[in-house]
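Chain and residue survey
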Amino acid sequence: MEKVEIFTDGACKGNPGTGGWGALMVAGEAEKELFGGELNTTNNRMELQAVIESLRALKRPCEVVLHTDSQYVQKGISEWIHGWKARGWRTSTKEPVKNADLWQALDTAQAVHKVDWRWVRGHNGHPGNERADMLANRGVELVRRK
């Protein structure tokens, strides 16, 4: 399996508001930048979208080290999702899971890869995270220009 390192981030100007997502993908010496955005969205949705889009961009099953500064994404996919699925996409208080559409898409996207989920402190000078943040903000600007 090819090894890929991915750095993702989401941004939102207002919450909800105009949002962007970004991902930096690194495989050996090769790098790929992805970004996009949406109107009337939330930061959590953009954090999830960044991860989903980056995993979907991989053309074959890979060993992935995925860096996110979102504890919502990292804990959601590593801890909470198992209970949500067992309860039919309901929380422990029987409420519908927020962003279930994206959690289900992420669950499907990650299934074909071996993913090592890593949390990194955001806006702390980490080069991969800083580039992902810059890409997420480019996603915001892309939507604003339309």
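Just so you know, these numbers come straight off a predicted model, no measurement behind them.

This next bit is on the environment of Val112. Along the chain, Val112 turns up in the loop between α3 (100–111) and β5 (114–119). With a relative accessible area of 47%, Val112 lands in the partly exposed category. Along the chain, Val112 and Arg56 lie 56 residues apart, while their C-alpha atoms are 9.8 Å from each other.

Bringing the packing of aromatic side chains into the picture now. Applying the stated criterion to the full structure yields five aromatic pairs. On the basis of an interplanar angle of 40° and a centroid distance of 6.5 Å, the ring pair of Trp84 and Trp89 is categorised as tilted. For Trp84, a relative accessible area of 8% translates into the label buried. Grouped by ring-pair contacts, the aromatic residues Tyr72, Trp80, Trp84, Trp89 and Trp103 constitute a single cluster.

It is worth spelling out the UniProt feature "binding site: Mg(2+) 2" (unreviewed entry) in the protein at this point. When the UniProt feature table is mapped onto this chain numbering, "binding site: Mg(2+) 2" (unreviewed entry) sits at Asp9 and Asp133. Annotated residues spanning 125 residues; largest pairwise C-alpha distance 5.4 Å, indicating a single compact cluster. Looking at where Asp9 falls in the secondary structure, it is placed in strand β1 (residues 2–14). The residue Asp133 is located in helix α4 (residues 127–145) in this model. Beyond its immediate stretch of four places on either side in the chain, Asp133 contacts Asp9 and His123.

Right, let's talk about the pattern of salt bridges for a bit. Charged atoms that come close allow side chains of opposite charge to pair. Taken as a whole, this structure holds nine salt bridges when the rule is applied. Ionic pairing is found between Glu63 and Lys3, a salt bridge with its closest N-O pair at 3.2 Å. With a gap of 60 residues between them, Glu63 in strand β4 (residues 62–68) and Lys3 in strand β1 connect regions that are remote in the sequence. Arg45 serves as the salt-bridge partner of Asp101, at 2.9 Å between the closest nitrogen and oxygen. Linking Asp101 in helix α3 with Arg45 in helix α1 (residues 43–57), this pair joins segments that are 56 residues apart in sequence.

Conventions and cut-offs
Residues numbered from 1 in each chain as written. Predicted model: local features only at pLDDT ≥ 70, side-chain atom pairs only at ≥ 80, totals over all residues. Heavy atoms only, no water. Helix = DSSP H or I, 4+ residues; strand = E, 2+ residues; numbered from the N terminus. Buried < 20%, exposed > 50% of the residue type's maximum accessible area, 1.4 Å probe, protein only. Phe/Tyr/Trp six-rings, centres within 6.5 Å; stacked < 30°, edge-to-face > 60°. UniProt positions renumbered as here; feature names shortened; annotations may be inferred. Contact = heavy atoms within 4.5 Å. Salt bridge = Lys/Arg side-chain N within 4 Å of Asp/Glu carboxyl O.

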